[in-house]
Amino acid sequence: MKTFISIIGAGGLTGKELLKLLAFHPHFEVIHITSNQVNGKNVRDVFPDLSHLPNLVFQKHEAEVPKGSTVVLATPNEASMEMAPKFRKLGHKVIDLSGSFRLHDKTKFEAAYKFEHKAFEWMDDVVFGIPELFREKLKNADFVSNPGCFSTSAILPIALLGNLRNHFIAPPIVDAKSGVSGAGGRTEEITFAYTNVAENFRAYKVITHQHEPEIDEYAFVGTKSKGILFTPHLLPVYRGILTSIYLQLDKTLKESEIREIYKSKTDSETFLRLLNTPEDVELKKVQNTNYLDWSFRIRDNHLVIVSALDNLQKGAAGQALQNLNLMHGYEESLGLATH
């Protein structure tokens, strides 16, 4: 028996990526897709490269969602804030790919996202969707908030240090570079147009990005936060995020000690790859995959971590599919390449 999926906002880059991944899943079937911009058009006409997909037609967001289907929201923040509670009240399982239900501090949320959160009472029901950290909770979840792409690239390498996080003596500095599909290229803003991105490189939203409080909240689960300093940059490439994390410790450790901490937590993880050196971490190794690659180097008490992921897969649709699998009792890597 198939598990039915409805994707609200399937006309965007993340929605398209999820459609592509679900097309060959043995248990999931997409039966409902929406996009106000391409309402009434066949998915094959909107995405000619996905001509193998079923004969689905985009409907408006307001269209009735089939009963019993799991709803994936690939919609802007304010739209997700309004729609997620409505679908939960109707009995749908929900995965929200926006940032509306990630932060448990309402004041921090409203400062970061610049609008009033009118459904904050739902935060008690939400599970944050990083399987490597919250797998058991996700297995019983009905409402999942999928993490941000920048956030995933920073949260995992920091959180997996475990008790070593108690030895940070300064806020981690997170310096991240993203292709346009992760930095806002799903809009028509001129700053993300080809003519402004090609042969260019720049920082944006310096220590004001909405993912900064998200990184801070989840990188330090189980220990006391030291805060985060986060600066994103825009790369002239389509997909992929490379993140450098700078940590200062109150003691000196050997590289072998840190590697053992990481390996003890990740050897059994399908989509986490600890590489030999930071120089081994490259975008081309993770693009179009659901892997997060990372490595590190330590000198005296200074620890530098470099990570990379594909913002449309491990940073969005791929991680959402991990969560869908867990929510419905399927093997976590189903539908995701694990070569």
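See the structure shown above.
For clarity, every value in this text was computed on a predicted model and none was experimentally measured.

(A) Structural context of the pattern of salt bridges. This structure, assessed with the given rule, holds 19 salt bridges. One salt bridge in this structure joins E332 and R135, with 2.6 Å as the shortest N-O distance. On the criterion of sequence distance, the pair formed by E332 in the segment after α11 (313-327) and R135 in helix α5 (residues 131-138) is long-range, its members being 197 residues apart. Put simply, E282 and K285 hold a salt bridge, and the shortest N to O gap is 3.7 Å. A residue is classified by how much of its surface remains accessible, and K285, at 34% relative accessible area, is partly exposed.

(B) Representation of the pairing of strand β4 (residues 70-73) in the model. Burial along β4 is two-sided: the residues T70 and V72 and V71 and L73 are all buried. Note that β4 and strand β5 (residues 94-96) share three bridges and pair parallel. Residue V72 lies in a different strand from β5, and its bridge partner there is I95. On the question of chirality, the crossover connecting β4 to the parallel β5 by way of helix α3 (residues 77-89) is right-handed.

(C) A look at the sheet that holds strand β13 (residues 292-299). Overall, mixed pairing links the seven strands, which are arranged β9-β10-β8-β11-β14-β13-β12 in an open sheet. Strands with a single pairing partner mark the edges of an open sheet, and in this sheet they are β9 (202-203) and β12 (272-274). Relative to strand β14 (residues 302-309), strand β11 (residues 241-248) is paired through eight bridges, and the arrangement is antiparallel. The residue of β14 that forms the bridge with L247 is L303. Helix-sheet contacts for helix α6 (residues 149-159) involve β8 (173-178), β10 (229-234), β11, β12, β13 and β14, and the interaxial angle to β11 is about 40°. Those strands touched by helix α10 (residues 255-266) are β12, β13 and β14, and its axis lies near 155° from that of β13.

(D) Here's a closer look at the packing of aromatic side chains. Within this structure, the stated rule accounts for 14 aromatic pairs. Ring centres of F28 and Y330 lie 5.3 Å apart, and the angle between their planes is 75°; on these two criteria the pair is classed as edge-to-face. One end of the pair, F28, is in strand β2 (residues 28-34); the other, Y330, is in the segment after α11, with 302 residues separating them in the sequence. Accessibility expressed as a relative area gives 2% for F28, which makes it buried. For the pair F109 and F115, a centre-to-centre distance of 5.3 Å together with 90° between the ring planes defines the contact as edge-to-face.

(E) Inspection of the side chain of S178 at higher detail. Mapped onto the secondary structure, S178 falls in strand β8. When its relative accessible area of 0% is taken as the criterion, S178 is described as buried. Filtering out sequence-adjacent residues up to four positions away, S178 remains in contact with F150, A183, H233, L234, L235, G240 and I241.

(F) Region of the structure containing a nonpolar patch on the surface. A surface patch of nonpolar side chains, amounting to about 430 Å² of accessible area, comprises I173, V206, I207, L229 and Y246. Examined against the element boundaries, I173 turns out to sit in strand β8. We classify I173 as partly exposed; its relative accessible area is 40%.

So, how was this worked out
- Residues numbered from 1 in each chain as written.
- Predicted model: local features only at pLDDT ≥ 70, side-chain atom pairs only at ≥ 80, totals over all residues.
- Heavy atoms only, no water.
- Salt bridge = Lys/Arg side-chain N within 4 Å of Asp/Glu carboxyl O.
- Helix = DSSP H or I, 4+ residues; strand = E, 2+ residues; numbered from the N terminus.
- Buried < 20%, exposed > 50% of the residue type's maximum accessible area, 1.4 Å probe, protein only.
- Pairing = 2+ DSSP bridges.
- Right-handed = clockwise from strand over helix to strand, strands pointing away.
- Contact = heavy atoms within 4.5 Å.
- Axes fitted to C-alpha atoms, helices over the stretch in contact; angles between N-to-C directions.
- Phe/Tyr/Trp six-rings, centres within 6.5 Å; stacked < 30°, edge-to-face > 60°.
- Patch = residues over 30% accessible without salt bridge, like charges linked within 9 Å, V, L, I, M, F, W, Y side chains within 5 Å.
- Areas by Shrake-Rupley, 256 points an atom, 1.4 Å probe, with all protein chains shown as cover.

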